[in-house]
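Below are the chains, spelled out letter by letter.
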Amino acid sequence: MDKKIKYPIEAFALAMVLFAADMKTAMLLGITLIFGDVLNCFLSDLLGDKYNKAIISQIACLVMFGSSLLMLGVDKLAVKEVLALGVIWFAMFKHAMDNAEIDEHVYGDILFKDSIAYLVMVVLAIIREYLAKGKIFGFALNSFAINSTAYGKPAFALIFAGLAIALLNKLFKMESDENTALWVCLPVICVEIPFVLDNVSTMVGTFIGATVVSILFVSLRKRLVFSETLSHIKGLASEMALLGFIYMIVAFL
């Protein structure tokens, strides 16, 4: 397998968890992710010989961040959602730096992989929106016994996103490296706080909740790292699912 991830896997994984609860949001954010990735490649090819590629990537990612705010409606976003966009911006910048040594980008390959990842994210959003709300793109459909608001929660978001990443890895014949999951799962824990203790101040209770789950996740993932798992499942896909199950467990606290 080609172990070089050539599409912004961390950014798409974070978007699947944090912004794929409904079709409309997933579609809008996905467009900005593709735009940011292509813009970074274009500016790097155009100006890379004259200017520092880190600065070029910062500019491209900031344009993507601003575009996301505008498309999602900056006046409608909560502080947590702005923080989530900031996390995705950092993931895009990391992806750009990981691929900074590429002298000339193949735009057909970039657009193909980004578009497939975008399509998978939108399909995931459609499934989650219907299961959680009985709607698609805001339009109500017939509901069944399987509908539950739980599908809109972070636990199921992580599990579904893990399955989506496994599918993308299989399609692209790629695999995530050993630390990719840390760049995705730990920020998710910071944005989607698993639980907050009631007997202390909100800040302290939030910190304890995030710390406990982070330690639990880092401890358990070591077993997955050394386990015999299919290459397209091993790494980010399986560890996102693991974190999803941890969220289910701590939900009872």
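In this text the structure is predicted, and so the values were computed from the model without any measurement.

**Overview of the overall build of the protein**
Within the protein, the secondary structure is distributed over nine helices and two strands. The order of α-helices and β-strands along the protein, N terminus first, is α-α-α-α-α-β-β-α-α-α-α. Whereas a compact globule of 253 residues would reach a radius of gyration of roughly 18 Å, the protein reaches 18 Å, a difference of no more than 12%. If one aligns the C-alpha atoms of the protein with their principal axes, the spans along those axes are about 55 × 45 × 40 Å. Evaluated residue by residue, the protein yields a buried proportion of 48% over its 253 residues. Pairs at least 24 apart in sequence give 77% of the contacts found in the protein among residues at least 6 apart. Taking the average place of the 20 positive charges on the side chains of the protein and the average place of its 22 negative ones, the gap between the two points comes to 5 Å.

**Focus: the packing of aromatic side chains**
By the definition in use, this model includes six aromatic pairs. Both rings, one in Tyr151 and one in Phe156, keep their centres 4.8 Å apart while their planes meet at 55°; by these two values the pair is tilted. You can call Phe156 partly exposed: its relative accessible area is 22%. It is Lys113 that lies over the ring of Phe172; its NZ or CZ is 5.6 Å from the centre.

**Examining unusual backbone geometry**
Unusually for a residue other than glycine, Lys173 sits at a positive phi of about 55°. As for its position among the elements, Lys173 is in the loop between α6 (154-172) and α7 (180-191). Exposure remark for Lys173: the relative accessible area of 61% places this residue in the exposed category.

**A look at the packing of helix α1 (residues 9-18) against α6**
Interaxial distance between α1 and α6 falls to 8 Å at its minimum, and their mutual angle equals 145°. Crossing angle aside, the handedness with which α1 passes α6 is right-handed. Together, Ile9, Ala13, Met16 and Val17 of α1 and Ala157, Leu158, Ala161, Ala164, Ile165, Leu168 and Asn169 of α6 make up the contact between the two elements.

**Observations concerning the nonpolar core**
Residues Met16, Ile88, Ile165 and Met240 are the most contacted members of the largest nonpolar core, which totals 69 residues. Beyond its immediate sequence surroundings of up to four residues, Ile165 is in contact with Tyr7, Ile9, Ala13, Met16, Leu236, Ala237 and Met240.

**Quick notes on helix α9 (residues 236-250)**
Along its 15 residues, α9 runs 21 Å from first to last C-alpha, staying within 8% of the 21 Å computed at 1.5 Å per residue. Within α9, twelve of the 15 residues are buried, which leaves the element mostly enclosed by the surrounding structure. For α9, the complete set of buried residues consists of Leu236, Ala237, Ser238, Glu239, Met240, Ala241, Leu242, Leu243, Gly244, Ile246, Tyr247 and Val250.

**A look at the environment of Ala164**
Within the secondary structure, Ala164 is located in helix α6. Since its relative accessible area comes to 7%, Ala164 is described here as buried. Residues Ala164 and Val120, spaced 44 residues apart in sequence, show a C-alpha to C-alpha distance of 6.7 Å. Those residues within four positions of Ala164 in sequence are excluded, and the remaining contacts are Met16, Val120 and Leu124.

**With respect to the pattern of salt bridges**
In total, this model carries four salt bridges according to the counting rule given. With a closest N to O distance of 3.0 Å, Glu10 and Lys94 form a salt bridge. Of the two residues, Glu10 is situated in helix α1 and Lys94 in helix α4 (residues 79-98); the sequence distance between them amounts to 84 residues. The salt bridge involving Arg221 is made with Glu239; its shortest N-O contact spans 2.6 Å.

**Considerations on the environment of Ile126**
Examined against the element boundaries, Ile126 turns out to sit in helix α5 (residues 107-133). Ile126 gets classed as partly exposed once you look at its relative accessible area, which sits at 25%. Through-space distance from the C-alpha of Ile126 to that of Ile136 is 6.0 Å; in sequence the pair is ten residues apart. Leave out the neighbours within four places in its chain, and Ile126 touches Met23 and Ile136.

Calculation criteria
- Residues numbered from 1 in each chain as written.
- Predicted model: local features only at pLDDT ≥ 70, side-chain atom pairs only at ≥ 80, totals over all residues.
- Heavy atoms only, no water.
- Helix = DSSP H or I, 4+ residues; strand = E, 2+ residues; numbered from the N terminus.
- Rg over C-alpha atoms; globule rule 2.2 N^0.38 Å.
- Buried < 20%, exposed > 50% of the residue type's maximum accessible area, 1.4 Å probe, protein only.
- Contact = heavy atoms within 4.5 Å.
- Lys, Arg positive; Asp, Glu negative; His and termini not counted.
- Charge placed at Lys NZ, Arg CZ, Asp CG, Glu CD.
- Phe/Tyr/Trp six-rings, centres within 6.5 Å; stacked < 30°, edge-to-face > 60°.
- Lys NZ or Arg CZ within 6 Å of the ring centre and 35° of its normal.
- Axes fitted to C-alpha atoms, helices over the stretch in contact; angles between N-to-C directions.
- Left-handed = near helix turned anticlockwise from the far one by under 90°.
- Core = buried A, V, L, I, M, F, W, Y, C linked by side-chain atoms within 4.5 Å.
- Expected span 1.5 Å × (residues − 1).
- Salt bridge = Lys/Arg side-chain N within 4 Å of Asp/Glu carboxyl O.

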